[in-house]
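Examination of the molecular architecture
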Amino acid sequence: MKDILDTGVKNVRNVQTYSIGDGVINDFPEIINAHRSNDRKIIFFVDEFFQTSKDLLTKLSLQKTDQIIYVSTKDEPSTDYIDDLVSKITSDKGNNPSALVGVGGGITLDVTKAVSNLLTNGGYAADYQGWDLVKKKGIYKIAIPTLSGTGAEATRTCVLLNKESNLKLGMNSDFTVFDQILMDPGMTKTVPVDQYFYTGMDAYIHCIESLNGTYRNAIGDAFSRQTIELCREVFQSENTMSDENRAKLMAASYFGGCAIGMGYVGVVHPFSAGLSVVLGIHHCIANCITMRAMEEFYPNEYNEFWEIVNNQGVYIPERVCSNLSDDQYEKLYLSTIIHEKPLFNALGENYYNLLNKDKVINLFKMM
Ligand code: ZN
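Because the structure is a prediction, the values reported are computed rather than measured.

1. Things to note about the pattern of salt bridges
For the structure on display, the rule yields 18 salt bridges. Of the charged contacts in the structure, one is a salt bridge between Asp-179 and Lys-137, with a shortest N-O distance of 3.2 Å. You can see Asp-179 sitting in the loop between strand 8 (167-172) and strand 9 (180-183) and its partner Lys-137 sitting in the loop between strand 5 (130-131) and strand 6 (141-145), a full 42 residues away along the chain. Linked by salt bridges that have partners in common, Asp-132, Arg-156 and Asp-174 make up one network.

2. Regarding the sheet that holds strand 5
Taken together, three strands build an open sheet; the order of strands is 5-8-7 and the sheet is mixed. Each edge of the open sheet carries a strand with a single partner, namely strand 5 and strand 7 (159-162). Examined bridge by bridge, strand 7 and strand 8 share four bridges and lie antiparallel to one another. Looking across to strand 8, one finds that Leu-161 is bridged to Lys-168.

3. Points about the nonpolar core
Counting 64 residues, the largest nonpolar core has Phe-197, Phe-271, Leu-275, Met-294, Phe-305 and Ile-316 as its most contacted members. In terms of residue count, helix 5 (residues 193-211) provides more of this core than any other element does, 10 residues in total. Once residues within four sequence positions are removed from consideration, Ile-316 is found in contact with Phe-197, Tyr-198, Cys-288, Ile-289, Arg-292, Trp-306 and Val-309. In terms of nonpolar packing, the next biggest core, distinct from the first, is built from 22 residues, Ile-82, Ile-107, Ala-114 and Val-134 among them.

4. Details of the sheet that holds strand 6
Read from one edge to the other, the open sheet built from six strands follows the order 1-9-6-4-2-3, with strand pairing classed as parallel. Each edge of the sheet is formed by a strand with only one pairing partner; in this case those strands are strand 1 (17-20) and strand 3 (67-71). Across this sheet, the average inter-strand angle for adjacent strands is 15 degrees, counted without regard to direction. Along the sheet, helix 3 (residues 79-90) makes contact with strand 2 (42-47) and strand 3, crossing strand 3 at roughly 165 degrees. Each of strand 2, strand 3, strand 4 (99-104) and strand 6 touches helix 4 (residues 106-121); the most contacted strand, strand 4, lies at about 165 degrees to it.

5. What about the pairing of strand 2?
Successive side chains on a regular strand alternate, one facing one side of the sheet and the next facing the other. Of all six residues in strand 2, six are buried; the element is thus mostly enclosed. Both faces of strand 2 are covered, namely the face carrying Ile-42, Phe-44 and Val-46 and the face carrying Ile-43, Phe-45 and Asp-47. Pairing analysis gives five bridges linking strand 2 to strand 4, with the strands arranged parallel. Note that in strand 4 the partner of Phe-44 across the bridge is Val-101.

6. Comments concerning the packing of aromatic side chains
The geometry of an aromatic ring pair comes down to the distance between the two centres and the angle between the two planes. Scanning the model with the defined rule gives 14 aromatic pairs in all. Considering the side-chain rings of Phe-197 and Tyr-198, the 6.4 Å spacing of their centres and the 75 degrees angle between planes classify their relative orientation as edge-to-face. A relative accessible area of 8% places Tyr-198 in the buried class. Seen from their ring centres, Phe-271 and Phe-364 are 5.1 Å apart, and the 45 degrees between their planes marks the pair as tilted.

Definitions and cut-offs
- Residues numbered from 1 in each chain as written.
- Predicted model: local features only at pLDDT ≥ 70, side-chain atom pairs only at ≥ 80, totals over all residues.
- Heavy atoms only, no water.
- Salt bridge = Lys/Arg side-chain N within 4 Å of Asp/Glu carboxyl O.
- Helix = DSSP H or I, 4+ residues; strand = E, 2+ residues; numbered from the N terminus.
- Pairing = 2+ DSSP bridges.
- Core = buried A, V, L, I, M, F, W, Y, C linked by side-chain atoms within 4.5 Å.
- Buried < 20%, exposed > 50% of the residue type's maximum accessible area, 1.4 Å probe, protein only.
- Contact = heavy atoms within 4.5 Å.
- Axes fitted to C-alpha atoms, helices over the stretch in contact; angles between N-to-C directions.
- Phe/Tyr/Trp six-rings, centres within 6.5 Å; stacked < 30°, edge-to-face > 60°.

Right, here's the structure in full:
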């Protein structure tokens, strides 16, 4: 029988070209100009946070023919949202855009990746949720991250909520990987400090899950260890958002994305996905809430995580699952246990018995 974790992630594709450093955003006009064409436009997906930022638009040196689509980050992207965006773009008639640019955090970058795949492959977003279902190369795409941690700039997936199937799953494919990324730490200067922590610790959590799993390899482990080390340096220091620390966290995010691109997460992400699907809680803060119930699975990391939270005075919501309906608890259970790959990676083939319904609901009640 084919191993449940044998989904091809051993043969890894990374981002083709990338640069990191203060001011690399200034190289953007030259890079994008090489992808301009007379009869095709360029579409910019920009986090709505920057809707009033004239400074950003100047840096991107937009031209008349370019189109900006502001991406709402109120809710995490759903397959319906992507289908809607794609139909608006294609109903424009004319040719496909010549390039897509994603400027934002994980949500905006994942939207850029999903739209790129759908514009050339056709069909609906839900058709490609899974492993290696995308058949053709997407539209050329560039990422300019403005948040660090999710690793969306580096990974071969774009996570989408499917509201019909209650499933949170990405398009895992080599074609999902960005062609170019520009990592400029100057772009994360204005991130609110709690958000900076929630998102940054996504990288840490990816890597503690990966290192504690059974599906491992030496390169993935090396990426993971380095990611955790960088997160420690950033979040154990006094000024977590200094210029130096923002550059470090950007590197940690990229390394964390590379690590997870060749392995699997563990127990935290399936529970976190349950919180997102059923209660609409955003991914990174949902991870932090999930950490309240993770002592038995990751005791050392649990202690380290909460020590950092206390030292930094970060607010993590609590008792978010204490008074839910039976129907909601049932949904939380189902949307967690459906993540068989990471749970198998963390707990082995007996995961289904270890995490029976009562157990899962009790863990949610600890959050
Ligand atoms: Zn994550």
